[in-house]
Amino acid sequence: MYGNLWALFIIAFKALLSGGKKTPGIKKILADVNMLRKIFPAKAIKIKYTGSVVISEPGNEMATEIIGKEITIFGSITIKNCVILLRDMTLNVEKIGQKILSDGSVWIENTLFIGSIGKLSNLNIVSGGIVQGNISKVSMVYIRDGRYNGTIGSIEKWLHISNSRGIVKGTIGSIGEALYLDAGELITDTLPYVAGGYVVLKEGKIITTDETPWSWEAIMENISPLEEDHEIFLFGTGGNVLLGSTAAYVLCKEGTDPYSRYKTENIIASNRFYRLIDGKIREVTLKSALNQQVSSQTNKFYSFVRLEIVDKT
């Protein structure tokens, strides 16, 4: 508190010395703080000479930018144990780098969040979180114990629901990589277009708002044809993998140690694979291809294995 008052005094003093030029206005800073308090507790907001910043849980300072009704945070944030109503405002969370996995992420825990989200890398809803609103574009969405209600224009990579208490209800325009439904429900009257070429269904369900299950045929009609040697990411057992058409080969990434090859073979053996051929669903299988000359870049930690898609006999 006292640090914020001292910062305001310094800002006002500098404004006097400079005639009010090239310094942030106190009224603007206080207005920004009032907007930030709709999302963050007062103790997490700090006023600096250059404007207001937000203190993350690890203690890092994250720059903010507020223009009109747009609140932009640079970094990643966790929102928990509260109710947030943004009304006509929009929250943006932007990356500050390229190598940090959590950069640009929002974690919602035991919180009801009602409002629009604009720019965002990762949305993670866990521990009883609920988000109700619209998102124009997001890189990845992960739902564990939580719920999302609303419209998502596009998901650039994947949507993953991992828990039976995870629910997504609304409309998703497109998914750039894959849809993973370990458990939970995707409730929608319009199926998303899966541009990445595959969907993984385990205990999860895709149903309409009147609780009618979507047929696999309908789901597979919205899966893009696979590109030749497209990399697919599979994990765990007991999944039904719905593959796009066309390609004869796919790639799987595996570690360079001998045990990783065993894991790859186990994953292939313990999941079932399907394709839509001439309007009918056929079960197929994956087997190691004879030609393993893979052009994809490898490094000392992993390599690629080429797998051939063949009819199961």
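Before reading on, note that the structure itself is shown above.
Being a predicted model, the structure only gives us computed values, none of them experimental.

## Examining the overall build of the protein chain
For step 1, the next point in the chain: The number of helices and strands found in the protein chain is 4 helices and 21 strands.
For step 2, the next point in the chain: In the protein chain, buried positions account for 45% of the 313 residues.
For step 3, the next point in the chain: When contacts within the protein chain are restricted to residue pairs at least 6 apart in sequence, those whose partners lie at least 24 apart make up 37%.
For step 4, the next point in the chain: For the protein chain, the accessible area works out to roughly 16600 Å², and carbon and sulfur atoms hold 53% of it.

## A look at the pattern of salt bridges
For step 1, the next point in the chain: Inspection of every chain in the model, using the stated rule, returns 8 salt bridges.
For step 2, the next point in the chain: A salt bridge links Lys46 to Glu61, with the nearest nitrogen and oxygen atoms 3.1 Å apart. Here Glu61 lies in strand E3 (residues 61–67) and Lys46 lies in strand E1 (residues 45–48), a separation of 15 residues in the sequence.
For step 3, the next point in the chain: A salt bridge links Arg165 to Asp145; the shortest N-O distance between them is 3.5 Å.

## A few points about helix H2 (residues 26–36)
For step 1, the next point in the chain: Turning to H2, its buried residues are Ile29, Asp32, Val33, Met35 and Leu36. Burial along H2 is one-sided: seen end-on, the buried residues are contained in an arc of 160°. In H2, the exposed positions that point more than 90 degrees away from the buried face belong to Lys27 and Asn34.

## A closer look at the environment of Gly51
For step 1, the next point in the chain: Residue position: Gly51 is located in strand E2 (residues 51–55).
For step 2, the next point in the chain: Given the relative accessible area of 10%, Gly51 is considered buried.
For step 3, the next point in the chain: Residues Gly51 and Thr64 lie 13 residues apart in sequence; the distance between their C-alpha atoms is 8.0 Å.

## Structural notes on the packing of aromatic side chains
Aromatic ring pairs are reported here in terms of the distance separating the ring centres and the angle at which the planes meet.
For step 1, the next point in the chain: Per the counting criterion, the structure on display carries 5 aromatic pairs.
For step 2, the next point in the chain: On the basis of an interplanar angle of 90° and a centroid distance of 5.9 Å, the ring pair of Tyr302 and Phe304 is categorised as edge-to-face.
For step 3, the next point in the chain: Accessibility expressed as a relative area gives 24% for Tyr302, which makes it partly exposed.
For step 4, the next point in the chain: By way of ring pairs, the aromatic residues Tyr180, Tyr198, Phe233 and Phe235 are connected into one cluster.
For step 5, the next point in the chain: Across the ring face of Tyr302, the terminal group of Lys253 is positioned such that the distance to the ring centre comes to 4.4 Å.

## Comments concerning unusual backbone geometry
For step 1, the next point in the chain: Unusually for a residue other than glycine, Asn81 sits at a positive phi of about 55°.
For step 2, the next point in the chain: Even without a glycine there, the phi angle at Asp229 is positive, about 60°.
For step 3, the next point in the chain: Within the secondary structure, Asp229 sits in the loop between helix H3 (216–221) and strand E16 (230–231).
For step 4, the next point in the chain: For Asp229, a relative accessible area of 23% corresponds to the partly exposed category.

## Observations regarding helix H4 (residues 258–270)
For step 1, the next point in the chain: The end-to-end C-alpha distance of H4 is 19 Å, a good match for the 18 Å that 13 residues give at a rise of 1.5 Å each.
For step 2, the next point in the chain: Taken residue by residue, H4 has Ser260, Thr264, Ile267 and Ile268 as its buried positions. The buried residues of H4 all sit within an arc of 95° when viewed along its axis, so they share a single face. Opposite the buried face of H4, at more than 90 degrees from it, the exposed residues are Pro258, Tyr259 and Ala269.

## Describing the side chain of Asn124
For step 1, the next point in the chain: Inspection of the secondary structure assignment puts Asn124 in strand E7 (residues 122–126).
For step 2, the next point in the chain: Setting aside its immediate chain neighbours within four residues, Asn124 contacts Ser105, Val106, Trp107, Ile108 and Tyr142.

## With respect to the pairing of strand E4 (residues 70–74)
For step 1, the next point in the chain: Pairing between E3 and E4: 4 bridges, direction antiparallel. Bridge pairing in E4 links Thr64 to Ile73.
For step 2, the next point in the chain: In textbook terms, the turn of a hairpin is the stretch between consecutive antiparallel strands, and for E3 and E4 this stretch comprises 2 residues, one of which, Gly68, has a positive phi near 60°.
For step 3, the next point in the chain: Two elements, E4 and strand E5 (residues 77–94), share 5 bridges in a ladder whose sense is parallel. Within E5, the position partnered with Ile71 by the bridge is Leu91.

## Details of the environment of Asp182
For step 1, the next point in the chain: Mapped onto the fold, Asp182 is located in the loop between strand E11 (178–181) and strand E12 (185–187).
For step 2, the next point in the chain: Residue class for Asp182 comes out buried when judged on its relative accessible area of 16%.
For step 3, the next point in the chain: Discounting residues that sit within four places of it in the chain, Asp182 has contacts with His160, Ile161, Ser162, Lys202, Glu203, Gly204 and Phe235.

## A short note on the side chain of Thr90
For step 1, the next point in the chain: The topology assignment puts Thr90 in strand E5.
For step 2, the next point in the chain: Sequence-distant contacts of Thr90, that is, excluding residues within four places in its chain, are made with Lys69, Glu70, Ile71, Ser116, Ile117 and Gly118.

## Things to note about the pairing of E5
For step 1, the next point in the chain: Pairing analysis gives 10 bridges linking E5 to strand E6 (residues 105–117), with the strands arranged parallel. Bridging from a neighbouring strand, Cys82 pairs with Thr111 of E6.

## Some words on the environment of Phe74
For step 1, the next point in the chain: The residue Phe74 is located in strand E4 in this model.
For step 2, the next point in the chain: Phe74 gets classed as partly exposed once you look at its relative accessible area, which sits at 22%.
For step 3, the next point in the chain: Measuring from C-alpha to C-alpha, the distance between Phe74 and Ala63 comes to 5.5 Å, with 11 residues separating the pair along the chain.
For step 4, the next point in the chain: Those residues in contact with Phe74, other than ones at most four positions away along the chain, are Met62, Ala63, Thr64, Glu65, Glu94 and Ile96.

Reading the values: the criteria
Residues numbered from 1 in each chain as written. Predicted model: local features only at pLDDT ≥ 70, side-chain atom pairs only at ≥ 80, totals over all residues. Heavy atoms only, no water. Helix = DSSP H or I, 4+ residues; strand = E, 2+ residues; numbered from the N terminus. Buried < 20%, exposed > 50% of the residue type's maximum accessible area, 1.4 Å probe, protein only. Contact = heavy atoms within 4.5 Å. Areas by Shrake-Rupley, 256 points an atom, 1.4 Å probe, with all protein chains shown as cover. Salt bridge = Lys/Arg side-chain N within 4 Å of Asp/Glu carboxyl O. Arc of directions from axis to C-beta. Phe/Tyr/Trp six-rings, centres within 6.5 Å; stacked < 30°, edge-to-face > 60°. Lys NZ or Arg CZ within 6 Å of the ring centre and 35° of its normal. Expected span 1.5 Å × (residues − 1). Pairing = 2+ DSSP bridges.

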